[in-house]
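Chain by chain, the residues run as shown.
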Amino acid sequence: MQFDYTSAARRISLPDAHLRKLCDLVRRDFPDDDMMFELHVLRALMAVESGKVTVAQILEEVDPALSPGS
């Protein structure tokens, strides 16, 4: 693991199910590049941590069916 996104997820108390949805979403963009996958998951979580966006907003923007409330 190049980028420890799991620690960032714990810092914001992100439920495992939501982290899995976020990872699935990012993996679509980077199916064969683990480093870019990890970097983009971490960047998304850092944006949530800083208050710039919510996990729901990230997931809904791409596919409303992926929102944490679904």
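Residues numbered from 1 in each chain as written. Predicted model: local features only at pLDDT ≥ 70, side-chain atom pairs only at ≥ 80, totals over all residues. Heavy atoms only, no water.

Draft legend 1. Up close: helix 2 (residues 16–29). In this model, helix 2 (14 residues) spans 20 Å end to end at C-alpha, consistent with the 20 Å of a helix rising 1.5 Å per residue. Of the positions making up helix 2, those classed as buried are His18, Leu19, Leu22, Cys23, Leu25 and Val26. The arc enclosing the buried residues of helix 2, seen along the axis, measures out at 160°, which places them on a common side. Exposed positions of helix 2 whose direction lies more than 90 degrees from the buried face are Asp16, Arg20, Asp24 and Arg28. (Helix = DSSP H or I, 4+ residues; strand = E, 2+ residues; numbered from the N terminus. Expected span 1.5 Å × (residues − 1). Buried < 20%, exposed > 50% of the residue type's maximum accessible area, 1.4 Å probe, protein only. Arc of directions from axis to C-beta.)

Draft legend 2. Layout of the packing of helix 2 against helix 3 (residues 34–49). Running from N to C, helix 2 and helix 3 point in directions that differ by 130°, and their axes come no closer than 9 Å. The angle between the axes of helix 2 and helix 3 places the two elements in the oblique class. The way helix 2 lies across helix 3 gives a crossing that is right-handed. Contact residues: Leu19, Leu22, Cys23, Val26 and Arg27 in helix 2; Asp34, Phe37, His40, Val41, Ala44 and Leu45 in helix 3. (Axes fitted to C-alpha atoms, helices over the stretch in contact; angles between N-to-C directions. Parallel < 35°, antiparallel > 145°, perpendicular 65-115°, else oblique. Left-handed = near helix turned anticlockwise from the far one by under 90°. Contact = heavy atoms within 4.5 Å.)

Draft legend 3. Looking closely at unusual backbone geometry. Residues other than glycine seldom take positive phi values, yet Ser13 does so here, at roughly 55°. Relative to the helices and strands, Ser13 resides in the loop between helix 1 (5–11) and helix 2.

Draft legend 4. Structural view of the pattern of salt bridges. In total, this model carries 2 salt bridges according to the counting rule given. Arg11 serves as the salt-bridge partner of Glu49, at 2.8 Å between the closest nitrogen and oxygen. Of this pair, Glu49 sits in helix 3 while Arg11 sits in helix 1; the two residues are 38 residues apart in sequence, bridging distant segments of the chain. Salt-bridge contacts for Asp34 lead to Arg27; the nearest nitrogen and oxygen are separated by 3.0 Å. A residue is classified by how much of its surface remains accessible, and Asp34, at 47% relative accessible area, is partly exposed. (Salt bridge = Lys/Arg side-chain N within 4 Å of Asp/Glu carboxyl O.)

Draft legend 5. Representation of the packing of aromatic side chains within the structure. Scanning all chains against the criterion turns up 1 aromatic pair. Relative to Phe37, the ring of Tyr5 lies with its centre 5.9 Å away and its plane at 85°, an arrangement referred to as edge-to-face. With a gap of 32 residues between them, Tyr5 in helix 1 and Phe37 in helix 3 connect regions that are remote in the sequence. Side by side, Tyr5 and Phe37 carry an identical accessibility label, which is buried. One cation-aromatic arrangement involves Arg27 over Phe37; the distance from NZ or CZ to the ring centre is 4.0 Å. (Phe/Tyr/Trp six-rings, centres within 6.5 Å; stacked < 30°, edge-to-face > 60°. Lys NZ or Arg CZ within 6 Å of the ring centre and 35° of its normal.)

That is the geometry; function is a separate question.
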